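# Working through the structure, step by step
Letter by letter, the chains look like this.
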Amino acid sequence: MTKVALVTGASRGIGRATALLLARQGYVVGVNYLQAEMAAKQVVEQIRNQGGKAQALRANVAEEGEVVAMFAELDATLGPIDVLVNNAGILFQQAGIEQLTAERINNVLATNVTGYFLCCREAVKRMALRHGGQGGAIVNVSSAAARLGAAGEYVDYAASKGAVDTLTTGLALEVAAQGIRVNGVRPGFIYTEMHTCGGEPGRVDRVKASLPMQRGGQPEEVAQAIAWLLSDAASYVTGSFIEAAGGR
Ligand code: NAP
């Protein structure tokens, strides 16, 4: 039976690569975005051109009402969710603790943490066996920064990803008996617009020589790890993390 996937932040980068890969694997795919409507629609068009089924879904994952409405739209257009990829995330320019404002910290936490919680909640309501669901799988896209820290660089971002990892571990325990697996992927330095938009343009190329594999990663390489954790090949894997960080 065809499975329904929702990928948040799928208009570009890792989310886009994941949506395209899942569609190639036979999932029908909800392509969430915030601002980049054209880009999200191009992802949907690419999937449809390859014979797949997809729907663009605009929602700010940090806004509870918008997340609830997005899941209702997914139910109505593609059907109840089988797999969720919590991927939408933001990163602001490097700043030390003395430069951090409450507004910036709260923005990062609202998208990177609250957004993940809200999407997990709506997914679990639909997947849980106790609600008549079929079970399912969730992958939370974290960051190598959660494990390694990012002192003096993006400590707010790293802290948000630490919270994501704690959510992943705790939720995996909470919903294991409900047929739901919850895992995480921690990318390292990946060539996406995240570094161009919020972070520091050219950063991946500047740091790559210091990485064990001596190169940055491609979004498609992260998507492969996400897709494996969602698949039946990982049927006994929950509360686990894959590092997609070139050995870092
Ligand atoms: P990206 O290229 O900047 O793309 C971010 C995506 O998230 C876009 O589709 C954007 O949508 C969406 N988004 C942002 N805020 C949103 C919100 N409030 N609601 C809904 N969608 C929102 O990022 P990326 O590099 O692919 O990163 C994807 C994930 O991987 C993030 O969680 C990031 O922290 C993590 N990660 C990335 C790297 C890396 O090196 N790139 C490393 C470690 C972890 P619009 O374009 O429509 O605004």
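A short tour of the structure in this document, coming up. (Residues numbered from 1 in each chain as written. Predicted model: local features only at pLDDT ≥ 70, side-chain atom pairs only at ≥ 80, totals over all residues. Heavy atoms only, no water.)

When its secondary structure is counted, the protein chain shows nine helices and seven strands. Computed over the C-alpha atoms, the radius of gyration of the protein chain is 17 Å, within 12% of the 18 Å expected from 2.2 N^0.38 for a compact globule of 248 residues. If you line up the protein chain on its principal axes, its C-alpha atoms span 50 × 40 × 35 Å. Looking at the protein chain residue by residue over its 248 residues, the buried ones come to 52%. Here the analysis covers contacts within the protein chain between residues at least 6 apart in sequence; of these, 72% occur between residues at least 24 apart. (Helix = DSSP H or I, 4+ residues; strand = E, 2+ residues; numbered from the N terminus. Rg over C-alpha atoms; globule rule 2.2 N^0.38 Å. Buried < 20%, exposed > 50% of the residue type's maximum accessible area, 1.4 Å probe, protein only. Contact = heavy atoms within 4.5 Å.)

This part is about the site of the ligand. Taken together, 33 residues form the shell around the ligand, and within it S11, N87, Y157, T192 and H195 come nearest. R12 is positioned with one of its side-chain polar atoms (N or O) 2.8 Å from an oxygen atom of the ligand. For the ligand, the protein covers 97% of the area, taking 910 Å² as the surface of the free molecule. Here the ligand occupies the largest pocket. By residue class, the composition of the shell around the ligand is 16 nonpolar, 14 polar and three charged. (Near = heavy atom within 4 Å. Polar contact = N/O pair within 3.5 Å; in protein donor to acceptor, adjacent residues only side chain to side chain. Areas by Shrake-Rupley, 256 points an atom, 1.4 Å probe, with all protein chains shown as cover. 1 Å grid on protein atoms, 1.4 Å probe; cavity = no way out; pocket = protein on both sides within 12 Å on 5 of 7 lines; lining within 4 Å. Sits in = over half its atoms within 2 Å of the grid points. Nonpolar A, V, L, I, M, F, W, Y, C, P; charged D, E, K, R; others polar.)

On to the state of the cysteines. All told, the structure shown has zero disulfides when counted by the stated rule. With no disulfide partner, C119 has as its closest neighbouring cysteine sulfur the one in C120, 7.4 Å distant. (Disulfide = S-S within 2.5 Å.)

So, on to the nonpolar core. With 65 residues, the main nonpolar core has V31 and I138 as its most contacted residues. The next biggest cluster of nonpolar side chains, apart from the first, holds six residues, and it includes L91, A150, Y154 and Y157. (Core = buried A, V, L, I, M, F, W, Y, C linked by side-chain atoms within 4.5 Å.)

Next up on the list: the pairing of strand β5 (residues 136-141). Counting buried positions over the six residues of β5 gives six, a clear majority of the element. Covered by surrounding structure in β5 are G136, I138 and N140 together with A137, V139 and V141, the residues of both alternating faces. Summarising the sheet, strand β4 (residues 83-86) and β5 pair through four bridges and their orientation is parallel. In the strand pairing of β5, N86 is matched with N140. Pairing analysis gives six bridges linking β5 to strand β6 (residues 180-187), with the strands arranged parallel. Along β6, the bridge assignment pairs V141 with V185. (Pairing = 2+ DSSP bridges.)

As a volume, the largest pocket reaches approximately 960 Å³. Lining the largest pocket are 44 residues, and of these R12, G89, I90, L91 and M194 lie nearest its centre. Only α1 (13-24), β2 (28-33), α5 (144-148), α6 (155-175) and α7 (194-197) provide two or more residues apiece to the lining of the largest pocket. The residue inventory of the lining of the largest pocket, partitioned by class, reads 21 nonpolar, 17 polar and six charged. (Points joined across faces, edges and corners; volume = space filled by probe spheres on them.)

Here we take up helix α9 (residues 219-230). End to end, α9 covers 17 Å across twelve residues, agreeing with the expected 16 Å (1.5 Å per residue, within 8%). Every buried residue belonging to α9 is among P219, V222, A223, A225, I226, A227, L229 and L230, and all of these are buried. Structurally, α9 contributes buried residues whose contacts are with α1, β4, β5, β6 and β7 (241-244). (Expected span 1.5 Å × (residues − 1).)

On inspection of all chains with the given rule, the structure shows 15 salt bridges. E122 is the partner of R126 in a salt bridge, and the nearest nitrogen-oxygen pair spans 3.1 Å. Taken as a pair, R126 and E122 lie in helix α4 (residues 102-127) at a separation of four residues, close to a single helical turn. For E122, a relative accessible area of 3% translates into the label buried. Look at the salt bridges and you will find they share partners, linking E64, D75, R121, E122, K125 and R126 into a network. (Salt bridge = Lys/Arg side-chain N within 4 Å of Asp/Glu carboxyl O.)

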